[in-house]
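# A closer look at the structure
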Amino acid sequence: MSRYYKIIRKSLTRTEGFIKTYGLSQQLTENVLQYSKCLVRPNTKDIDDLIFIAEMSRHFKLYNNFMLNLMYNSLKHPKSPYMTVDEYARCIFTFLSDNIDHKIDLVFDVYDVNRDGYISITEMFMLLKPVVGSLDMDENRDESTKELVDVVVKIYDIKNNPMIDLEAFRYIVKNKEPLCLQLLGPCLPCDEDIEIFRQTLDSKSMYDIRHYFRKERQEALAEIEFRPPEKALYPIPLELP
């Protein structure tokens with residue numbers, strides 16, 4: 001078998017794996033991969049944090065740089081400074097998929113900042129501190145954050161064991177309260193923005209996608225300084241259970 005056909009076969013196997021995992025159509029899967037390739041740094045196969053943040057803002061209205069940096073670090077391999085095309089594509093596949101388990105996995109990995117398999121009280125504090133508005137004294141801000149953590153612990157109903165592993169998190173989201181999915185900060189786009197992006201990809205062939213996004217990196221990075229201000233808004237109203 002020639003080298004060319006080996007490459008084609010490997011590419012098809014990779015695409016088929018994504019289709020099976022995320023339940024998306026072949027055209028949509030291939031178009032996501034083509035779009036992702038348009039974002040790499042010049043003369044590399046890497047996707048850096050700047051273009052990741054720019055794309056999340058541009059297409060998905062995710063503006064919180066603090067959360068986006070955590071997302072970027074959780075999606076890439078911990079020993080690599082950059083994200084691969086496949087790692088970026090998996091993020092987009094998760095957005096587009098109807099499978100809630102994929103979304104739970106993504107959000108949990110973002111919240112599990114130290115990658116120990118648990119969301120701890122310390123991580124909750126770190127995630128929620130940006131939510132608390134800047135105050136004159138750091139002591140006041142820390143105290144307000146602690147109070148907010150206490151509220152979240154009550155909502156999650158984990159007072160007896162304030163360490164959440166993935167399966168406990170999955171149970172809370174799927175069986176108790178779906179809004180708990182992003183209780184510690186926004187990681188997923190709204191359905192409307194996902195649908196707009198889906199329609200953009202669905203309306204074009206794989207070759208049209210290459211042309212449509214050929215200047216995506218250049219244009220997105222040029223726009224990044226003009227995006228809306230960061231939003232540290234809490235994703236859902238906080239009410240004591």
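Let me begin by describing the structure that accompanies this report. (Residues numbered from 1 in each chain as written. Predicted model: local features only at pLDDT ≥ 70, side-chain atom pairs only at ≥ 80, totals over all residues. Heavy atoms only, no water.)

## Brief notes about the nonpolar core
Proteins that are soluble and globular tend to have nonpolar side chains buried together. For clarity, the threshold we go by: To define a nonpolar core, start from buried Ala, Val, Leu, Ile, Met, Phe, Trp, Tyr and Cys residues and group those joined through side-chain atoms within 4.5 Å. Relative accessibility under 20% of the residue-type maximum defines a buried residue, over 50% an exposed one, and the middle range a partly exposed one, all with a 1.4 Å probe and only protein chains included. To qualify as a helix, a DSSP run of H or I must reach at least 4 residues; to qualify as a strand, a run of E must reach at least 2; elements of each kind are numbered from the N terminus. We call two residues contacting when some pair of their heavy atoms lies within 4.5 Å.
One finds Phe 52, Phe 95, Tyr 156 and Phe 169 to be the most contacted residues of the largest nonpolar core, which totals 66 residues. Residue contributions to this core peak at eight residues, all from helix α5 (residues 85–96). Excluding its chain neighbours within four sequence positions, the residues that come into contact with Phe 52 are Leu 68, Met 71, Tyr 72, Leu 75, Met 83, Tyr 88 and Cys 91.

## Focus: the side chain of Ser 120
Take Ser 120: it is sitting in the loop between β3 (118–119) and α7 (121–128). Once residues within four sequence positions are removed from consideration, Ser 120 is found in contact with Pro 162 and Met 163.

## Things to note about the pattern of salt bridges
So the rule is basically this: Any Lys or Arg side-chain nitrogen located within 4 Å of an Asp or Glu carboxyl oxygen qualifies as a salt bridge.
This model, assessed by the stated rule, comprises 13 salt bridges. When the shortest N-O distance is used, the salt bridge between Asp 46 and Arg 41 registers 3.1 Å. Asp 46 sits in the partly exposed class, given a relative accessible area of 23%. According to the relative accessible area criterion, Arg 41 is partly exposed, its value standing at 22%.

## Considering the packing of aromatic side chains
Here is the rule: Only centres within 6.5 Å qualify two rings of Phe, Tyr or Trp (six-membered ring in Trp) as a pair; their planes then separate them into stacked at under 30 degrees, edge-to-face at over 60, and tilted for everything else.
Evaluation of the coordinates by the stated rule reveals 13 aromatic pairs. Measuring from ring centre to ring centre gives 5.0 Å for Phe 60 and Phe 95, while their planes differ by 65°; the resulting arrangement is edge-to-face. Pair noted here: Phe 60 is in helix α3 (residues 49–60) and Phe 95 is in helix α5, with a separation of 35 residues, a long-range link. Taken individually, Phe 60 and Phe 95 each receive the classification buried, so the pair is uniform in this respect. Put simply, the rings of Tyr 35, Phe 52, Phe 60, Tyr 72, Tyr 88, Phe 95, Phe 197, Tyr 212 and Phe 213 touch in pairs and so form one group of aromatic residues.

## Some remarks on unusual backbone geometry
Phi at Asn 43 takes a positive value of approximately 65°, unusual for a residue other than glycine. Take Asn 43: it is sitting in the loop between α2 (26–37) and β1 (46–47). In this structure Asn 43 comes out as exposed when scored by relative accessible area, which is 86%. Even without a glycine there, the phi angle at Lys 61 is positive, about 55°. By secondary structure assignment, the location of Lys 61 is in the loop between α3 and α4 (65–75).

## A few points about the environment of Asp 105
Within the secondary structure, Asp 105 is located in helix α6 (residues 100–111). The class of Asp 105 is partly exposed, set by a relative accessible area of 26%. On a C-alpha basis, the gap between Asp 105 and Thr 94 in space is 9.3 Å, while along the polypeptide they are eleven residues apart. Once residues lying within four places of it in the same chain are set aside, the contact partners of Asp 105 are Leu 166 and Arg 170.

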